[in-house]
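The lines below spell out each chain.
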Amino acid sequence: MDIVLSRILKFLNGALVDDVMYRIGMFIVKRYTKIGCYTLDDVCIEGAFHKEDVEMFYRRLGFKTFNDFRDQMVSEKELRNNEIQLRMIGLQLRDYFKDLQLTMNEAEFLKEIDDIVDEIYQANRIVIIGSHFPSCLAVDFQTDLINLGKEVVEYHHNDKTFEFYEDDIVFFLTQTGRTMKRSDHCLEDAYIERSNIVIITQNRKIDAYGDHKANHMLYVLGKYDGIQFNYQLMRIFDLLRIRYYYKYYLKVDG
């Protein structure tokens, strides 16, 4: 069963309109690591929300009171962190290369993963851009990285207030490149050129978004097979969160 954070992320990732439910969800995710310090009044005042809207949000998730909603997230945060640690026991990284068909050898690919992980650590926010199904595959990555203290959101062109910053790292998930073409000028209007860009794709002809060169390119082999690309994405996100955990969370935690 999904934890509350994962359920909120799935709602946000699939949101088609920038309405009050979307904004409350974004507010909760952004403050997830310190949500235990919030009261209902705090959320309403800081987020400029009506009390009735916040009540509707947590009731749609199955909670009768804000305290129940908040306390469940606090307890699940500890549970998720314990699960992350248990999953790391006895891990063999070579097992995560089985579904990947790479354009470089495994050592070179892992070096690229580690370089991206270093930029994730330095970044203030991780932004994911992709069509609906590939972005859904990022939910576990989002959930774990948020639990480990990072802000991870998905970009929606209908969020007219969204703006990219210099300390963002942006992941483009695009099998063929169509996702990038469909973005048109929306991302430029939101100042994406400020951010570090990572592109994950099967299309060797892609190396930039418009005039903005990617900082990192992760090419995987394939014949534009959507199912194959989805498996490859899951493995790449697994490698990113594993390496982040070992390089930074254990160091800080220990």
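Model, not experiment: these values are computed from the prediction. (Residues numbered from 1 in each chain as written. Predicted model: local features only at pLDDT ≥ 70, side-chain atom pairs only at ≥ 80, totals over all residues. Heavy atoms only, no water.)

K.L.:
Can you help me understand the side chain of Glu 112 in this one?
P.N.:
Among the structural elements, Glu 112 can be located in helix H6 (residues 106-122). Buried and without a salt bridge, Glu 112 has Lys 111 as its closest oppositely charged side chain, separated by 6.5 Å. Reaching out from Glu 112, the side chain makes a polar contact with the side chain of His 216 at a distance of 2.8 Å. Discounting chain neighbours no more than four positions away, the residues touching Glu 112 are His 216, Met 217 and Leu 218. (Helix = DSSP H or I, 4+ residues; strand = E, 2+ residues; numbered from the N terminus. Buried < 20%, exposed > 50% of the residue type's maximum accessible area, 1.4 Å probe, protein only. Lys, Arg positive; Asp, Glu negative; His and termini not counted. Salt bridge = Lys/Arg side-chain N within 4 Å of Asp/Glu carboxyl O. Polar contact = N/O pair within 3.5 Å; in protein donor to acceptor, adjacent residues only side chain to side chain. Contact = heavy atoms within 4.5 Å.)

K.L.:
When you look at the pattern of salt bridges in this model, what are you seeing that I'm missing?
P.N.:
Close approach of charged atoms allows side chains with opposite charge to pair. Within this structure, the stated rule accounts for 15 salt bridges. When the shortest N-O distance is used, the salt bridge between Lys 30 and Glu 151 registers 3.2 Å. You can see Lys 30 sitting in helix H2 (residues 20-30) and its partner Glu 151 sitting in strand S2 (residues 151-154), a full 121 residues away along the chain. Residue Lys 30 is classed as partly exposed on the basis of its relative accessible area, which comes to 46%.

K.L.:
What should I look at first to understand the sheet that holds strand S1 (residues 125-130) in this one?
P.N.:
Strand pairing in a sheet is mediated by backbone hydrogen bonds. Such pairs are either parallel or antiparallel. Reading across the sheet, the 5 strands line up as S2-S1-S3-S4-S7 and stay open at both edges, with parallel pairing between neighbours. The two strands at the open ends of the sheet, each matched to only one other strand, are S2 and strand S7 (216-219). Averaged over all pairs of adjacent strands, the angle between their axes in this sheet comes to 15°, without regard to strand direction. Bridge count between strand S3 (residues 168-173) and strand S4 (residues 196-201): 5 bridges; the pairing is parallel. Along S4, the bridge assignment pairs Ile 169 with Asn 196. (Pairing = 2+ DSSP bridges. Axes fitted to C-alpha atoms, helices over the stretch in contact; angles between N-to-C directions.)

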